[in-house]
Amino acid sequence: MATAETVASFLLVSGYLARRIGQAILVVALAYSVVFFVLNVLPGDPIEQQIADPTNPISDDDAAALRAYYRLDQPAYVQFAVSLRRLFSGDLGYSLNTGQPVARLLGEALPSTLTLAAVAFVLAALIGFLLALSAVFGPWAPLREAASTLPALLLSVPAFVSGLLVLQFFSFQLDWMSAIRDEGLRSVVFAAIPLSLPVAAPIAQILTQGLANAAGRPYAEVLRAQGLSSSRIIFGHIVRNGSIPTVTIIAITVGELLAGSIITETVFSRTGIGYLTETAVRNQDTPIIQAVVLTVSVTFVVINLLVDLVYPLIDPRIRTTVTTTDPRRVESGRTVEAATI
């Protein structure tokens, strides 16, 4: 019996994973297809216009090579089929302005943006966690009120405003960083501050609600009656149970980090995906735009897929399932089973 249940559980989990991976692939394929046809089937042939632009620094030989490479004399569906075939071999095309491989340009810009986004994510998680703890468990009422109000303020300040303030204070007044040179980790941390603040706000708001709800559950009183210390109750039980909705918000904020990098990298003169995207949009370099959209789509989908797999690790009561026999207890493919804590 135990073996049969184990096999059944494995099949359910495998089916769920296969479905989620299939959905992820579909999302990426649709995103790439929509961007391809929007950018390449517009009236006037944008690629040809950009190649033939007299201000474009590309040489005549390179222009002819690009026309042949992108099959500009063929219908759009043929260009799309060729693009897909090349995509699966790792060929992302060539820049219409420089003639350089898009994969190389993306590979040079991606590490800088990923480093910036990772540091900003860590800062956002720390700020959000501290604000939520202060809002729910702060020892003084003014502290709790301030911690509850601050996320709305952080969310209302645009990234370029906070970025300029960081530059003004830490660079021009304190001289702790350079406004134009990359000084390694120091530059990354200061650039990550304005990027992390609007991301920390929703994390703090959702986590505050989750912690407040978890702290009001009967099991918290039972644990106190058993003599457990406040710190063990908070960090061992309340935080674990109250953080589940926040995990979903964290996955969504990945997109905000990648989108916000465009502004942040421009303000702090960093050459990452944001700078590459801004330059490509300004120069109408469609192959780079397509590659950036594909990269962001894959990153966003993979992060959300990993979050789905993390849920059971946070709370063992949550199990992935493909059955929906009781719609009152199934939400987004996850079944929450009743359990005693």
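Bear in mind that the values here come from a model prediction, so they are computed numbers and not experimental data. (Residues numbered from 1 in each chain as written. Predicted model: local features only at pLDDT ≥ 70, side-chain atom pairs only at ≥ 80, totals over all residues. Heavy atoms only, no water.)

> Would you take a moment to explain the overall build of the protein chain for this structure?
Secondary structure summary: the protein chain contains 13 helices and three strands in total. The 341 residues of the protein chain split such that 40% are buried. Here the protein chain displays about 18,500 Å² of accessible surface, and carbon together with sulfur accounts for 66% of that area. (Helix = DSSP H or I, 4+ residues; strand = E, 2+ residues; numbered from the N terminus. Buried < 20%, exposed > 50% of the residue type's maximum accessible area, 1.4 Å probe, protein only. Areas by Shrake-Rupley, 256 points an atom, 1.4 Å probe, with all protein chains shown as cover.)

> Where do I start with the UniProt feature "transmembrane region" (unreviewed entry) in the protein chain in this structure?
Within this structure's numbering, the places UniProt gives as "transmembrane region" (unreviewed entry) are residues 21-42, 114-140, 152-172, 184-207 and 288-311. With 89% helix and 0% strand, residues 114-140 has its two end C-alpha atoms placed 38 Å apart. Across residues 152-172, helical content stands at 90% and strand content at 0%; the span's end C-alpha atoms are separated by 28 Å. (UniProt positions renumbered as here; feature names shortened; annotations may be inferred.)

> Before we go on, may I ask you to explain the nonpolar core in this structure?
One recurring pattern in soluble globular proteins is that nonpolar side chains are buried together. In terms of nonpolar packing, the biggest core is built from 21 residues, with L167, M177, L257 and F268 touching the most fellow members. In terms of residue count, helix α8 (residues 185-215) provides more of this core than any other element does, eight residues in total. With sequence-adjacent residues up to four places away left out, F268 is seen in contact with G163, V166, L167, M177, A179, F190, A191 and P194. By size, the runner-up hydrophobic cluster in this structure holds 13 residues, among which are V102, L105, I289 and A291. (Core = buried A, V, L, I, M, F, W, Y, C linked by side-chain atoms within 4.5 Å. Contact = heavy atoms within 4.5 Å.)

> I tried to follow helix α7 (residues 159-173) on my own but got confused; where do I start?
For an α-helix the count is 3.6 residues per turn, leaving residues at separations of three or four pointing the same way. Between the first and last C-alpha of α7 there are 20 Å, a value that for 15 residues agrees with the 21 Å anticipated at 1.5 Å per step. All of the buried residues along α7 are A159, S162, G163, V166, L167, F170 and S171. (Expected span 1.5 Å × (residues − 1).)

> Could you clarify how one ought to interpret the packing of helix α5 (residues 102-137) against helix α6 (residues 141-156) in this entry?
To characterise two packed helices, one gives the angle between the axes of the helices and the distance between these axes. Axis separation between α5 and α6 bottoms out at 6 Å; the angle between their running directions is 140°. For the pair α5 and α6, the sense of crossing is left-handed. Judged by residue contacts, L131, S134, A135 and V136 of α5 engage L143, R144, A147, S148, L150, P151 and L154 from α6. Tallied by class, the residues present in the contact of α5 with α6 amount to eight nonpolar, two polar and one charged. (Axes fitted to C-alpha atoms, helices over the stretch in contact; angles between N-to-C directions. Left-handed = near helix turned anticlockwise from the far one by under 90°. Nonpolar A, V, L, I, M, F, W, Y, C, P; charged D, E, K, R; others polar.)

> Looking at this model, I keep getting lost on the pattern of salt bridges. Mind explaining?
Side-chain pairs of opposite charge can arise whenever the charged atoms involved come near each other. If you walk through the whole model with that rule in mind, you get one salt bridge. For R282, the salt bridge is made with E278, and the minimal N-O distance between the two is 2.5 Å. Taken together, the residues span about one helical turn, with R282 and E278 both in helix α12 (residues 273-283) at a distance of four residues. Classification of E278 as partly exposed rests on a relative accessible area of 28%. (Salt bridge = Lys/Arg side-chain N within 4 Å of Asp/Glu carboxyl O.)

> Whenever I open this one, the packing of α8 against helix α10 (residues 230-242) confuses me. Can you help?
The N-to-C vectors of α8 and α10 enclose an angle of 125°; their axes lie 8 Å apart at closest approach. Comparing the axis directions of α8 and α10 gives the class oblique. For the crossing formed where α8 meets α10, the hand is right-handed. Contact residues: α8 offers L207, G210, L211, A214 and A215, while α10 offers I238, V239, N241 and G242. Tallied by class, residues from the contact of α8 with α10 come to six nonpolar, three polar and no charged. (Parallel < 35°, antiparallel > 145°, perpendicular 65-115°, else oblique.)

> For this particular structure, what's the right way to read the packing of aromatic side chains?
Centre-to-centre distance and the angle between the planes together describe a pair of aromatic rings. Inspection of every chain in the model, using the stated rule, returns seven aromatic pairs. Between F36 and F37, the aromatic rings sit 5.4 Å apart at their centres with planes inclined by 85°, giving edge-to-face as the arrangement. F36 gets classed as buried once you look at its relative accessible area, which sits at 4%. Where F169 meets F170, the ring centres are 5.0 Å apart and the plane angle is 85°; that geometry is what we call edge-to-face. A residue is classified by how much of its surface remains accessible, and F169, at 40% relative accessible area, is partly exposed. (Phe/Tyr/Trp six-rings, centres within 6.5 Å; stacked < 30°, edge-to-face > 60°.)

> I tried to follow the side chain of T277 on my own but got confused; where do I start?
Note that T277 resides in helix α12. When near neighbours in sequence (up to four residues on either side) are disregarded, T277 contacts I262 and V292.

> What am I meant to see in α10 here?
End to end, α10 covers just 16 Å across 13 residues, shorter than the expected 18 Å (1.5 Å per residue, more than 12% under). Three or more residues of α10 are buried, namely I233, I234, I238, V239 and G242. End-on view of α10: buried residues confined to an arc of 140°, all on one side of the axis. (Arc of directions from axis to C-beta.)

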